[in-house]
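Commentary on secondary and tertiary structure
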Amino acid sequence: MGTPEIWRKSSYSGPGDGDSCVEIALRPARVAIRDSKVPDGDTLSFPDSTFAAFVAFVAGLKQGTAGA
């Protein structure tokens with residue numbers, strides 16, 4: 001039996017609307033994502049490099065540099 005996944009959500013998630021976010025779990029060479037409101041629901045899984053590129057892109061949007 002494998003190690004249980006440890007799900008975590010953003011430190012920016014707070015009370016109230018902070019419950020409406022996604023959670024991630026690290027898997028070998030992949031990152032899994034699920035809806036925090038439906039923890040027993042389906043998950044998405046992406047290769048580490050794809051998830052890292054997505055995070056970098058979103059950070060660029062926030063800073064106004066995405067796609068530059």
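Going by the structure above, here's the rest.
Computed from a prediction, not measured in an experiment: that's the story for all the values here. (Residues numbered from 1 in each chain as written. Predicted model: local features only at pLDDT ≥ 70, side-chain atom pairs only at ≥ 80, totals over all residues. Heavy atoms only, no water.)

Bringing the packing of aromatic side chains into the picture now. Enumeration over the complete set of coordinates arrives at one aromatic pair. Judged by centre distance (6.3 Å) and plane angle (40 degrees), the rings of Phe-51 and Phe-54 are tilted. Highlighted residues: Phe-51 and Phe-54, both in helix α1 (residues 48-63), separated by three residues, approximately one helical turn. Owing to a relative accessible area of 49%, Phe-54 belongs among the partly exposed residues under this scheme. (Phe/Tyr/Trp six-rings, centres within 6.5 Å; stacked < 30°, edge-to-face > 60°. Helix = DSSP H or I, 4+ residues; strand = E, 2+ residues; numbered from the N terminus. Buried < 20%, exposed > 50% of the residue type's maximum accessible area, 1.4 Å probe, protein only.)

You can see Asp-48 is positioned in helix α1. In this structure the C-alpha to C-alpha distance between Asp-48 and Arg-27, which are 21 residues apart in sequence, comes to 8.9 Å. With residues near it in sequence (within four places) discarded, Asp-48 still touches Ala-29, Arg-30 and Val-31. (Contact = heavy atoms within 4.5 Å.)

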